[in-house]
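# Structural characterization, general
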Amino acid sequence: MTTPETPTSSAEPQIRVRARRRGGSPLDMVRSLALVGLAVLGMVAFTFFGQPEHPPVTVDVSATVQAARTDAGFPVLALTSLPTAWYANFADFSPVSGSSGEWSVHVGYVTDDEAFFAVDGLATTAAKRMESLPVRKATVAGLEFSIYEEAGTTTAVYDASASSGYVLTLTGSGSAHQWKQFLAALSPDGAIAS
């Protein structure tokens, strides 16, 4: 005798298993992350390599130095020629705040390896005080400078504050060869390189 089958109740909910799209694996995730990483590296490389080595600088050194030479009342030194790949990055001639008739001039240069050199002049009766003793003397454009070396920076000071009321300062972080180039090209009345 056969027993009839009893129908099953359909009250139990059926669980549907969601089908995977491609049967992904951990290797697929690694591949996806690698593609995203390559895209990010490409954007970073484009950002760094698409920029100039130094931002374009527009400095009117000639006009600034000419104005200073006319009005400052002291010799204003400037480079007559720029060594290859050097550029001027700053030039300023302005009155000293809080005093009448005193002027300051600053001209800055950057070398091909990103070292800096600067020429400063200040009409003042107060001498520039250095922390150390000078290591040597050097004649630049007919003026005798005292050379100081502190913390990787060389500073040359011509102090005429007692006799003529001004101080000239040359500062730089370049090599000895770059210093020779810098000092040899300085002039108080020659052409002005920019």
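Our structure is the block above this text.
In this report, the structure presented in the accompanying data block is examined. (Residues numbered from 1 in each chain as written. Predicted model: local features only at pLDDT ≥ 70, side-chain atom pairs only at ≥ 80, totals over all residues. Heavy atoms only, no water.)

Secondary structure assignment for the protein chain yields three helices and nine strands. Mapped from its N terminus to its C terminus, the protein chain presents α and β elements in the order α-α-β-β-β-β-β-β-β-β-α-β. Each of the 194 residues in the protein chain was classed as buried or not, and the buried ones make up 31%. Long-range pairs, those at least 24 residues apart, make up 54% of the contacts in the protein chain with a sequence separation of at least 6. (Helix = DSSP H or I, 4+ residues; strand = E, 2+ residues; numbered from the N terminus. Buried < 20%, exposed > 50% of the residue type's maximum accessible area, 1.4 Å probe, protein only. Contact = heavy atoms within 4.5 Å.)

Notably, Glu114 is not glycine yet its phi reads approximately 70°, a positive angle. Within the chain, Ala141 stands out as a residue other than glycine whose phi angle is a positive 55°.

Within the largest apolar cluster, 35 residues are counted, with the highest numbers of intra-cluster contacts made by Tyr109, Phe145, Leu170 and Phe182. Those residues in contact with Leu170, other than ones at most four positions away along the chain, are Leu77, Ala118, Val119, Val140, Phe145, Thr154, Thr155, Ala156, Trp179, Phe182, Leu183 and Leu186. (Core = buried A, V, L, I, M, F, W, Y, C linked by side-chain atoms within 4.5 Å.)

Before going further, it helps to examine the pairing of strand β3 (residues 103–110). As paired elements, strand β2 (residues 87–95) and β3 share eight bridges and run antiparallel to each other. Looking at β3, one finds that Phe90 is bridged to Gly108. As paired elements, β3 and strand β4 (residues 116–123) share seven bridges and run antiparallel to each other. Each bridged residue has a counterpart across the sheet, and for His106 the counterpart in β4 is Asp120. In textbook terms, the turn of a hairpin is the stretch between consecutive antiparallel strands, and for β3 and β4 this stretch comprises five residues, one of which, Glu114, has a positive phi near 70°. (Pairing = 2+ DSSP bridges.)

These results come straight from atomic positions and should not be treated as a statement about function.
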